[in-house]
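Each chain, written out:
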Amino acid sequence: LFSIIVLLQTTLIFSQEEKKVVGFFDGDNLTDTLYAKDLRFIDEFRDKDISYSFKIFLGNGKKQEFNLPLGYESVQISSPKKGYLEIYQWKTGSQGFEQYETYKFNSEYDTWILQKIVTENSEGKEKIYVPEQAIRIDKN
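Here goes a summary of the coordinates provided. What you see is a predicted model; the values in this text were computed from it and never measured.

## Quick look at the overall build of the protein
- Regarding its fold elements, the protein presents one helix and nine strands.
- Secondary structure elements of the protein occur, N-terminal to C-terminal, as α-β-β-β-β-β-β-β-β-β.
- Burial status across the protein gives 34% buried among its 140 residues.
- With an accessible surface of roughly 9100 Å², the protein has 49% of that area assigned to carbon and sulfur atoms.

This is the structure we're talking about:
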């Protein structure tokens, strides 16, 4: 029993650590660093619609911060090409799915704008959402 308690505490501690991702998130040739923190296990965020906190330190010295209401089993962040930020999340099981949210940096707004969300359910059926109006990543 003691071993199980120690294992659970260790898992929670590791799940609360910030994850670091390096890429070219704002589209210039300077390396940017993104830090993502899982807030799902922190009491003050338990009843709020915030699951992850993000900080991006851009190569030009600027800092961007935003929160997202993601809360699935796993989340990965990447920059598949310059100027893009992609969030991949999935859930396993009969109600499982995979989802890609793709954002593109927009210098006019000085933030990332949602380009599309592609969701595939456990049966392999794909659904694509493309917003008609600009949706800023920092306004979720």
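There is more to say after this.
## A closer look at the side chain of Thr-33
- With respect to the element layout, Thr-33 can be found in strand S2 (residues 32-38).
- Overall, the relative accessible area of 17% leaves Thr-33 in the buried class.
- Leaving out residues up to four positions away in the same chain, Thr-33 has contacts with Lys-20, Val-21, Val-22, Lys-55, Ile-56 and Phe-57.

## Some words on the pattern of salt bridges
- According to the stated counting rule, one finds three salt bridges in the structure shown.
- Put simply, Asp-110 and Lys-62 hold a salt bridge, and the shortest N to O gap is 3.6 Å. Placement of the pair is Asp-110 in the loop between strand S7 (97-106) and strand S8 (111-121) and Lys-62 in the loop between strand S3 (52-57) and strand S4 (63-68), with a sequence separation of 48 residues.
- We classify Lys-62 as partly exposed; its relative accessible area is 42%.

## Some words on the nonpolar core
- The biggest cluster of nonpolar side chains holds 20 residues, and the ones touching the most others in it are Leu-34, Ile-77, Leu-85 and Trp-112.
- The set of elements that each furnish at least two residues to this core consists of S2, S3, S4, strand S5 (74-78), strand S6 (84-91), S7 and S8.
- When near neighbours in sequence (up to four residues on either side) are disregarded, Ile-77 contacts Val-21, Leu-34, Ala-36, Phe-54, Leu-85, Glu-86 and Ile-87.

## Regarding unusual backbone geometry
- The backbone phi angle of Asp-110 is positive, close to 60 degrees, even though this residue is not glycine.
- The class for Asp-110 is partly exposed, based on a relative accessible area of 29%.

## Focus: the packing of aromatic side chains
- Enumeration according to the criterion identifies seven aromatic pairs in this entry.
- Ring geometry for Phe-54 versus Phe-66: centroids 5.1 Å apart, planes at 20 degrees, classification stacked. Residue Phe-54 is found in strand S3, and its partner Phe-66 is found in strand S4; the two are separated by twelve residues along the sequence. The same class applies to Phe-54 as to Phe-66, namely buried.

How each quantity is defined
- Residues numbered from 1 in each chain as written.
- Predicted model: local features only at pLDDT ≥ 70, side-chain atom pairs only at ≥ 80, totals over all residues.
- Heavy atoms only, no water.
- Helix = DSSP H or I, 4+ residues; strand = E, 2+ residues; numbered from the N terminus.
- Buried < 20%, exposed > 50% of the residue type's maximum accessible area, 1.4 Å probe, protein only.
- Areas by Shrake-Rupley, 256 points an atom, 1.4 Å probe, with all protein chains shown as cover.
- Contact = heavy atoms within 4.5 Å.
- Salt bridge = Lys/Arg side-chain N within 4 Å of Asp/Glu carboxyl O.
- Core = buried A, V, L, I, M, F, W, Y, C linked by side-chain atoms within 4.5 Å.
- Phe/Tyr/Trp six-rings, centres within 6.5 Å; stacked < 30°, edge-to-face > 60°.

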